[in-house]
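Descriptive structure summary
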Amino acid sequence: MSTHSAVVTASVRGPLEVIQVPTIKPSTGEVLVKVEWTASTPLDLHQNDGGLLVQHPQVMGGNLAGTVVELGPEVKNLKIGDKVRYFVPTTLIRASFRHVLQVFGFVWREQKEKAHQELATVPEYLLGKIPSNVTPQAAVTLPDNFATVFHTITTDLGLPLPWPRPTPAPKHAHSPILIWGGASSVGQYALQILKYYNYTNLLTTASPHHHELLKSIGARAVFDYRQPDAPAQILATAAAAAGGVPLILDCIGSQSGSLAPLAKIAEKGNRVAVLLPVIVRDASETEAPEYSMDVGASAAWKEGVDTRGVRTHFYLEASLNEIFKEKLQSEIMPTLLGQGIVKPNKYRIIEGKTLVERAQGAMDALRRKEASGERFVWRISE
Ligand SMILES: NC(=O)c1ccc[n+]([C@@H]2O[C@H](COP(=O)([O-])OP(=O)(O)OC[C@H]3O[C@@H](n4cnc5c(N)ncnc54)[C@H](OP(=O)(O)O)[C@@H]3O)[C@@H](O)[C@H]2O)c1
């Protein structure tokens, strides 16, 4: 049996380790991907330091970018990376280039498909082709949170995002929608995707140095979440357009940092979707984190506020949106990325001589809360 290296969380708050795991031959509809890049996510920290949804030792990693190296039976849209020949138009000299088909995707369900390993066995519907104008390091910042935004907006906020996008403006095109935490990875993708679908009244919160960026990608107004009167400012801005803020997406899920101020904003009939887990206490170098999965009990919501806890891990369920399973990652994600409609997050490359050094470097940066408008990207295989 062939094996390859994988990064695992080995114990709660312990150092990451590299172990050998079996390489699984792709079965019907699956491909084997040589994983080249990953972007760490806060879930990695929730799992390593909080033991959230973990059985040790567990391979982690939700975002991968890499090269298809083997096809299972009946794979329809992907092929093995290969050399192709084409013309260089400026010189008209026939030249040969190595053109490798690279893919990217959000993977989370079982060990064989996870991202923090050298070889991943993944169904083709979880993979998109990386557009030729985007590097794999930039593309890998998208998958988990691109899927999160489509899932949350449709399932938890109840706004349809049809594909292809229809021409007429949607019903709530001008209703205030509050994206709390616009500089987060999810927040930036939420603004861009809602803007593309012609939602015009997007309000968001962020540190002041992100305000211009967030306006350029769709926000009508941006508020500094550290100002104690941010809820009052948001209500004053929203109320000028309509009664309150009917739809709220909390991209942070911090009990004190986002749920508490949102409880001052949300009124009866407003809907608040919170990305789980609710963080009761953040992980730090000295303290273990504490989480809750109960949004309703985590803040003093006014009566009649409709709260939801977001779980993107269910996005494949056809009852939620039947086209997402087949098209969200394989077609919608590469199309919006390739056309520049959704721009990748900024990223920082985490260097290290070995796989485990790079993985640990990214985990430590997450724990130190160094992510401000950027993702931590690191190499898996050379
Ligand atoms: N349940 C699900 O399906 C699901 C899916 C995806 C993500 N999540 C969760 O959602 C959370 C965010 O993920 P992410 O990858 O988008 O995070 P991220 O990019 O790492 O978030 C970092 C950003 O959070 C912002 N921030 C921190 N505290 C804030 C506060 N109190 N108010 C407003 N903004 C604040 C900072 O903004 P400034 O730089 O402006 O200070 C920073 O840029 C994580 O807990 C993750 O696990 C859950």
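- You'll find the protein entered in an unreviewed UniProt entry as Enoyl reductase (ER) domain-containing protein, with Lachnellula occidentalis given as the organism.

1. Focus on the site of the ligand
- Lining the immediate surroundings of the ligand are 30 residues, of which Ser207, Tyr225, Val310, Thr312 and Ser372 lie closest.
- His46 has a polar side-chain atom sitting 3.0 Å from an oxygen atom of the ligand.
- Note that an oxygen atom of the ligand is positioned 2.7 Å from one of the side-chain N or O atoms of Thr312.
- Secondary structure elements with two or more residues in the shell around the ligand: helix H1 (42–50), helix H3 (143–156) and helix H4 (185–196).
- The biggest single contributor to the shell around the ligand is H1, with three residues.
- In terms of residue class, the shell around the ligand is built from 14 nonpolar, 13 polar and three charged.

2. Structural notes on the sheet that holds strand S14 (residues 247–250)
- Here six strands make up an open sheet; going across it, the order is S13-S12-S11-S14-S15-S18 and the pairing parallel. The strands lining the two open edges of the sheet, one partner per strand, are strand S13 (221–223) and strand S18 (306–310). When strand polarity is set aside, the average angle formed by the axes of neighbouring strands in this sheet is 20°.
- Pairing between strand S15 (residues 271–275) and S18: five bridges, direction parallel. Along S18, the bridge assignment pairs Val272 with Thr307.
- Of the strands in this sheet, strand S11 (177–180), strand S12 (202–205), S14 and S15 touch H4, which is tilted by about 155° from S11.
- Set on the sheet, helix H7 (residues 255–265) makes contact with S11, S14 and S15; between it and S11 the angle comes to about 160°.

3. Description of unusual backbone geometry
- Cis peptide bonds are those with omega within 30 degrees of zero, and the linkage from Trp163 to Pro164 qualifies with -5°.
- Assignment of secondary structure puts Pro164 in the loop between H3 and S11.
- Between Leu276 and Pro277 the backbone carries a cis peptide bond, its omega angle lying at 5°.
- In this fold, Pro277 is placed in the loop between S15 and strand S16 (278–281).
- For Leu53, which is not a glycine, the phi torsion comes out positive at approximately 55°.
- Looking at the secondary structure, you find Leu53 in the loop between H1 and strand S4 (58–59).
- On the basis of relative accessibility, which here comes to 48%, the residue Leu53 falls in the partly exposed class.

4. Details of the nonpolar core
- The biggest cluster of nonpolar side chains holds 86 residues, and the ones touching the most others in it are Leu64, Phe146, Phe150, Ile193 and Tyr315.
- Here the element with the most residues in this core is H4; it accounts for seven residues.
- For this core, the two domains that each supply at least three residues are domain 1 (3–141 + 345–379) and domain 2 (146–314).
- If we ignore the near neighbours within four places in the chain, the residues touching Tyr315 are Phe106, Trp108, Leu126, Ala147, His151, Phe324, Leu328 and Gln329.
- Ranked by size, the runner-up nonpolar core spans 22 residues in total, among them Trp180, Phe223, Val295 and Trp301.

5. Quick look at the pairing of strand S19 (residues 346–349)
- Pairing of S19 with strand S20 (residues 374–379), which is carried by four bridges, proceeds in the parallel orientation. Bridging from a neighbouring strand, Lys346 pairs with Glu374 of S20.

6. Quick word on the pattern of salt bridges
- By the definition in use, this model includes 18 salt bridges.
- Residues Arg308 and Asp306 are paired through a salt bridge, measuring 3.0 Å at the closest nitrogen-oxygen approach.
- Judged by relative accessible area, which is 25%, Arg308 ranks as partly exposed.
- Between Asp364 and Arg367 there is a salt bridge whose closest N-O contact spans 3.0 Å. Taken together, the residues Asp364 and Arg367, both in helix H9 (residues 355–367) and three residues apart, mark about one turn of the helix.
- On the accessibility criterion, Asp364 (23% relative accessible area) is partly exposed.
- Connected via shared salt-bridge partners are Glu285, Arg348, Arg368, Glu370 and Glu374.

7. Here we look at the side chain of Ser381
- Along the chain, Ser381 falls in the segment after S20.
- For Ser381, a relative accessible area of 6% puts it in the buried group.
- Of the polar contacts made by the side chain of Ser381, one reaches the backbone oxygen of Val35; its length is 2.7 Å.
- Dropping the residues within four chain positions of it, Ser381 is found in contact with Lys34, Val35, Glu36 and Glu118.

Procedures and definitions
- Residues numbered from 1 in each chain as written.
- Predicted model: local features only at pLDDT ≥ 70, side-chain atom pairs only at ≥ 80, totals over all residues.
- Heavy atoms only, no water.
- Near = heavy atom within 4 Å.
- Polar contact = N/O pair within 3.5 Å; in protein donor to acceptor, adjacent residues only side chain to side chain.
- Helix = DSSP H or I, 4+ residues; strand = E, 2+ residues; numbered from the N terminus.
- Nonpolar A, V, L, I, M, F, W, Y, C, P; charged D, E, K, R; others polar.
- Pairing = 2+ DSSP bridges.
- Axes fitted to C-alpha atoms, helices over the stretch in contact; angles between N-to-C directions.
- Contact = heavy atoms within 4.5 Å.
- Buried < 20%, exposed > 50% of the residue type's maximum accessible area, 1.4 Å probe, protein only.
- Core = buried A, V, L, I, M, F, W, Y, C linked by side-chain atoms within 4.5 Å.
- Domains from an automatic or database assignment.
- Salt bridge = Lys/Arg side-chain N within 4 Å of Asp/Glu carboxyl O.

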